[in-house]
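Structure at a glance
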Amino acid sequence: MTTNDQNWICIRVSAACEHLDTLTAIMSMIDNALMIEDFSDVEKDLDGVYGDLIDEELLEKDRTTAAVSVFVPEEKSPREAELYIRARIAESGIDAEITTSGIREEDWADSWKQYYKPIKTGRKLVIVPVWETYDAQPGELTVLMDPGMAFGTGTHETTRLCAALLEDYVTPGCSVLDVGCGSGILAICAAKLGADHCFACDIDPVAVRIAGENTELNNTSNVTCAVSDLLKSVPEEKYDVCVANIVADVIIRMAPDIGAYMKDNGVLIVSGIIEERADEVIAVLEKNGFTVKGGKRENGWYAGVVTK
């Protein structure tokens with residue numbers, strides 16, 4: 001698809017109609033201009049003149065499945081958008097099909113790399129794609145990333161916000177929990193900042209494998225990666241800093257349980273939250289005993305810091 005000489009990638013997610021609201025919420029985190037396909041209200045047994053006005057093709061549509069599409073400019077890292085969507089769909093537990101179009105399949109794996117360059121996320125941290133070279137300046141900490149099929153390259157606002165906040169709250173010798181770790185980027189950032197031990201977990205085995213590979217790339221052996229769903233497990237350890245770059249609905253569901261994983265006066269960094277839902281998320285966290293400590297906003301995204 002080309003508009004005004006700009007190349008666009010279409011990311012389409014389809015699932016049972018009952019999940020349409022969730023699909024729309026997830027996709028709107030990429031852009032509010034969505035194309036929604038929902039034929040569940042099309043009646044097959046219309047009679048009289050109204051039946052004649054209904055296109056036969058509409059009557060043949062699958063009325064049990066809905067789809068939501070978003071169009072991303074090629075230079076805006078559609079690959080990152082796709083990985084973000086895949087991660088959020090996995091966290092939601094929805095059985096969905098995700099497809100991309102507007103680019104040849106054989107080009108998709110590598111075409112996005114031309115737009116992925118070293119990114120400084122805060123005062124010290126610089127995220128560097130493994131295929132790029134970067135000469136670190138005095139005081140900078142480089143984090144090598146090969147995201148593969150996992151979300152987390154540093155180009156997305158939520159990742160940058162969390163990495164910047166980690167610089168403020170990770171202290172030498174502390175312990176860090178990264179919930180929904182994706183590529184492992186935030187746990188590795190914490191290790192580079194001096195954390196003694198980091199536990200990175202995700203419900204997606206592919207993400208955990210990639211996080212492990214990125215841990216090896218960065219020689220951060222103090223980062224442990226594992227498949228885990230904190231909503232269904234019992235804490236074996238308490239942490240000084242917890243970070244959850246997930247999605248508003250999951251953070252809300254975690255609110256009653258995440259405190260059990262935190263030390264007294266521990267810090268929780270949450271993101272993956274569009275600004276319109278920031279107050280809702282904060283209200284739920286406060287209801288569950290957390291106190292707001294700070295936050296950052298960028299391009300319609302919010303990352304908050306609370307203490308228990």
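The following refers to the structure shown. Since we're looking at a predicted model, the values are computed, not measured.

Some words on the packing of helix H9 (residues 248–258) against helix H10 (residues 278–287)
- Where H9 contacts H10, the axes come no closer than 9 Å and their chain directions differ by 10 degrees. When the axis of H9 is compared with that of H10, the two are roughly parallel. For the pair H9 and H10, contact is made by Ala-248, Ile-251, Ile-252 and Ala-255 and by Glu-280, Val-281, Val-284 and Leu-285, respectively.

Comments concerning the sheet that holds strand S7 (residues 125–129)
- Pairing is mixed across the open sheet formed by 3 strands, whose spatial order is S6-S7-S8. Where the open sheet ends on each side, the last strands, each with one partner, are strand S6 (119–120) and strand S8 (141–145).
- Relative to S8, S7 runs parallel, the two being bridged by 5 bridges. Bridge pairing links Val-128 to Leu-144 in S8.

Some details on empty space enclosed by the protein
- Taken as a whole, this structure holds 2 cavities of 30 Å³ or more when the rule is applied.
- Of the volumes computed, that of the largest cavity is approximately 70 Å³.
- Lining the largest cavity are Phe-151, Gly-152, Thr-159, Asp-178, Gly-180, Cys-181, Gly-182, Ser-183, Ile-185, Leu-186 and Asn-245.
- For the lining of the largest cavity, the class distribution of residues is 4 nonpolar, 6 polar and 1 charged.
- Of the voids in this model, the second largest cavity is the one considered here, and its volume is about 40 Å³.
- What lines the second largest cavity is simply Ala-244, Ile-251, Met-254, Ala-255, Ile-258, Leu-268, Val-270 and Leu-285.
- Class assignment for the residues of the lining of the second largest cavity results in 8 nonpolar, no polar and no charged.

Looking at the pairing of strand S14 (residues 291–298)
- Alignment of S14 against strand S15 (residues 301–307), held across 7 bridges, turns out to be antiparallel. Across the sheet, residue Val-292 finds its bridge partner in S15, namely Val-306.
- Once S14 ends, the chain turns through 2 residues before running back antiparallel as S15, passing Asn-299 with a positive phi of about 50 degrees.

Comments concerning the packing of aromatic side chains
- Overall, the coordinates contain 1 aromatic pair when judged by the stated rule.
- Their ring planes at 75 degrees and their centres at 5.7 Å tell us that Tyr-84 and Trp-301 sit as a pair that is edge-to-face. On the criterion of sequence distance, the pair formed by Tyr-84 in helix H4 (residues 78–92) and Trp-301 in strand S15 is long-range, its members being 217 residues apart.
- Residue classification places Trp-301 among the buried residues on the basis of a relative accessible area of 5%.
- Over the ring of Phe-290 we find Lys-308; its NZ or CZ atom is 4.9 Å from the centre of that ring.

Here we look at the packing of helix H1 (residues 20–27) against H4
- Two elements in contact, H1 and H4, have axes whose closest approach is 10 Å; the angle formed by their N-to-C orientations is 145 degrees. Here H1 runs over H4; the crossing is right-handed. Contacts between H1 and H4 involve Thr-22, Leu-23, Ile-26 and Met-27 on the former and, on the latter, Ile-85, Arg-88, Ile-89 and Ser-92.
- In terms of residue class, the contact of H1 with H4 is built from 5 nonpolar, 2 polar and 1 charged.

Side note on the layout of surface pockets
- Roughly 590 Å³ of internal volume is contained in the largest pocket.
- Lining the largest pocket are 24 residues, with Met-29, Ile-30, His-156, Glu-157 and Trp-301 positioned closest to its centre.
- Of all the secondary-structure elements, those providing two or more residues to the lining of the largest pocket are strand S4 (65–73), H4 and helix H6 (157–169).
- Here the element with the most residues in the lining of the largest pocket is S4; it accounts for 3 residues.
- Class assignment for the residues of the lining of the largest pocket results in 10 nonpolar, 7 polar and 7 charged.

Notes on the pattern of salt bridges
- Counting across every chain of the model gives 12 salt bridges.
- Between Lys-120 and Glu-140 there is a salt bridge, with its nearest N and O atoms 3.2 Å apart. You can see Lys-120 sitting in strand S6 and its partner Glu-140 sitting in the loop between S7 and S8, a full 20 residues away along the chain.
- Looking at Glu-140, the relative accessible area reads 14%, which means it is buried.
- Note that Arg-277 and Glu-280 form a salt bridge whose closest N and O atoms lie 3.0 Å from each other.
- Take Arg-277: its relative accessible area is 18%, and that puts it in the buried class.
- Given the relative accessible area of 38%, Glu-280 is considered partly exposed.

Looking at H4
- With 15 residues, H4 ought to run about 21 Å at 1.5 Å a step, and its terminal C-alpha atoms sit 21 Å apart, in line with that.
- Of all 15 residues in H4, 11 are buried; the element is thus mostly enclosed.
- Taken together, the buried positions of H4 are occupied by Pro-78, Arg-79, Glu-80, Ala-81, Glu-82, Leu-83, Tyr-84, Ile-85, Arg-88, Ile-89 and Glu-91.
- Once H4 finishes, Gly-93 follows within two positions and takes phi at roughly 80 degrees, a positive value.

Cut-offs and rules
Residues numbered from 1 in each chain as written. Predicted model: local features only at pLDDT ≥ 70, side-chain atom pairs only at ≥ 80, totals over all residues. Heavy atoms only, no water. Axes fitted to C-alpha atoms, helices over the stretch in contact; angles between N-to-C directions. Helix = DSSP H or I, 4+ residues; strand = E, 2+ residues; numbered from the N terminus. Parallel < 35°, antiparallel > 145°, perpendicular 65-115°, else oblique. Contact = heavy atoms within 4.5 Å. Pairing = 2+ DSSP bridges. 1 Å grid on protein atoms, 1.4 Å probe; cavity = no way out; pocket = protein on both sides within 12 Å on 5 of 7 lines; lining within 4 Å. Points joined across faces, edges and corners; volume = space filled by probe spheres on them. Nonpolar A, V, L, I, M, F, W, Y, C, P; charged D, E, K, R; others polar. Phe/Tyr/Trp six-rings, centres within 6.5 Å; stacked < 30°, edge-to-face > 60°. Buried < 20%, exposed > 50% of the residue type's maximum accessible area, 1.4 Å probe, protein only. Lys NZ or Arg CZ within 6 Å of the ring centre and 35° of its normal. Left-handed = near helix turned anticlockwise from the far one by under 90°. Salt bridge = Lys/Arg side-chain N within 4 Å of Asp/Glu carboxyl O. Expected span 1.5 Å × (residues − 1).

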